[in-house]
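# Structural characterization, general
Okay, here's what each chain looks like letter by letter:
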Amino acid sequence: MYAEALKTGRKIFAVAPMIDWTDRHCRYLHRQLTAHALLYTEMIVADAIIHGPRERLLSYSPEEHPVALQLGGSDPAKLAEAVRIASDFGYDEINLNVGCPSDRVQSGTFGACLMKTPELVAECVVAMKRVATVPVTVKCRIGVDEQEPEAVLPDFLSRVVGAGADAVWIHARKAWLQGLSPKENREIPPLDYEIVHRMKRENPDVFLGINGGITDLDRAARHLTVMDGVMLGRAAYQNAGLLAEVDERVLGEAHREPDWLELRDAMMAYADRVIASGGRLNQVTRHMVGLFQGFAGARRYRQILSTEPTKPGAGPEVIGAAFAVVDLDAGAKQQAG
Ligand SMILES: Cc1cc2nc3c(=O)[nH]c(=O)nc-3n(C[C@H](O)[C@H](O)[C@H](O)COP(=O)(O)O)c2cc1C
């Protein structure tokens with residue numbers, strides 16, 4: 001996928017890995033909106049895959065492809081074992097998290113603090129590549145703490161690429177490992193897109209994607225004039241409707257008007273299947289609240305989806321009732337205009 005993208009110049013648009021957000025139900029929704037975006041799982045810790053409930057952690061719907069599994073860990077042998085186990089599940093890519101700054105992650109010595117030990121990241125990549133049958137990629141920051149991105153990022157990239165990483169996704173800001181919460185670490189350290197663009201110019205043969213603070217598709221498209229890939233996190237989740245335009249506007253596919261009624265029916269049928277297999281309606285609908293921003297009726301839609309799905313006996317019809325209060329035609333015209 002990445003080698004081909006580099007060869008042909010085809011760009012990759014990705015929805016970022018987000019714990020508690022990009023679970024399988026979220027990805028199923030996103031896939032209804034875009035056929036081509038690469039969808040990431042939440043980070044799953046290698047130890048959890050080795051010792052925990054594999055089926056629950058790793059299974060997903062075939063419709064979600066292409067889907068990349070993000071792993072957390074820093075022990076090459078454990079990461080390799082996790083990759084081996086995950087290979088039965090058919091993910092299209094395995095990604096290593098070198099960007100997450102939470103305390104819980106630091107105490108396990110992985111995530112963003114690995115920016116300080118690029119040689120260990122390289123060992124992890126080598127071990128993962130040895131067993132993987134799909135691309136192995138890394139998601140990183142431009143540096144952490146007192147590190148000078150200009151000094152550390154080129155070395156970090158050359159080591160992980162030298163170890164065999166097929167692509168690197170760079171969150172264009174530093175992480176502060178002490179004193180900032182994970183949320184603050186997504187907002188306070190300043191964005192530095194320029195250094196990420198420069199890394200791409202200096203490494204024309206390496207697939208590099210950019211992430212961080214990209215709020216709409218115009219900005220995404222501008223980054224793609226330099227970068228090979230663009231990854232949106234919060235904007236894609238909180239305003240999922242924008243994904244309906246990704247295939248055409250960002251990836252150059254033929255224009256296709258979003259069919260909201262088809263989406264409604266697909267999500268009702270999906271919710272029905274989730275409930276039939278022991279899940280809850282809210283597990284599906286909680287990801288749908290951010291749809292229809294700017295449409296008449298969106299407020300009422302959000303209200304319905306925020307309150308009704310948790311009521312006893314609530315079923316897929318709640319999705320139908322929520323869609324019914326949105327002026328879908330006017331919204332479509334507004335989006336086109
Ligand atoms: C709720 C939430 C959970 C996140 N979980 C992860 C994660 O599991 N792995 C990871 O690499 N980054 C994680 N991130 C960071 C995002 O992948 C992304 O790098 C960050 O939000 C910046 O991109 P954005 O400005 O487009 O949101 C998370 C972000 C949010 C908002």
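Named according to an unreviewed UniProt entry, the protein is tRNA-dihydrouridine(20/20a) synthase originating from Pseudorhizobium endolithicum. Taken verbatim from the UniProt record of the protein, the Cofactor (unreviewed entry) comment is "FMN".

With that settled, the discussion passes to unusual backbone geometry. One can expect most non-glycine residues to show negative phi and most peptide bonds to be in trans. For the peptide bond that leads from His65 to Pro66, omega is -5 degrees, which places it in the cis range. Relative to the elements of secondary structure, Pro66 occurs in the loop between helix H4 (54-58) and strand S3 (67-72). Positive phi values are uncommon outside glycine, yet Phe292 reaches one of about 70 degrees. For Phe292, the position within the fold is in the loop between helix H14 (281-285) and helix H15 (298-307).

Those residues carrying the UniProt feature "binding site: FMN" (unreviewed entry) are Gln70, Lys139, His171, Asn211, Gly212, Gly213, Gly233 and Arg234 in this numbering. Mapped onto the secondary structure, His171 falls in strand S6 (residues 167-171). Positionally, Asn211 belongs in strand S7 (residues 208-211). Since its relative accessible area comes to 7%, Asn211 is described here as buried. In this view, Asn211 contacts Ala16, Lys139, Ile170, His171, Ala172, Met231 and Gly233; residues no more than four positions away in its chain are not counted.

When you line up the elements, Thr137 lands in strand S5 (residues 136-141). For Thr137, a relative accessible area of 0% gives the class buried. Of note is the side chain of Thr137, whose polar atom sits 2.5 Å from the side chain of Glu93. Beyond its immediate sequence surroundings of up to four residues, Thr137 is in contact with Tyr2, Tyr40, Glu93, Ile94, Asn95, Leu96 and Ala167.

About the criteria used
- Residues numbered from 1 in each chain as written.
- Predicted model: local features only at pLDDT ≥ 70, side-chain atom pairs only at ≥ 80, totals over all residues.
- Heavy atoms only, no water.
- UniProt positions renumbered as here; feature names shortened; annotations may be inferred.
- Helix = DSSP H or I, 4+ residues; strand = E, 2+ residues; numbered from the N terminus.
- Buried < 20%, exposed > 50% of the residue type's maximum accessible area, 1.4 Å probe, protein only.
- Contact = heavy atoms within 4.5 Å.
- Polar contact = N/O pair within 3.5 Å; in protein donor to acceptor, adjacent residues only side chain to side chain.

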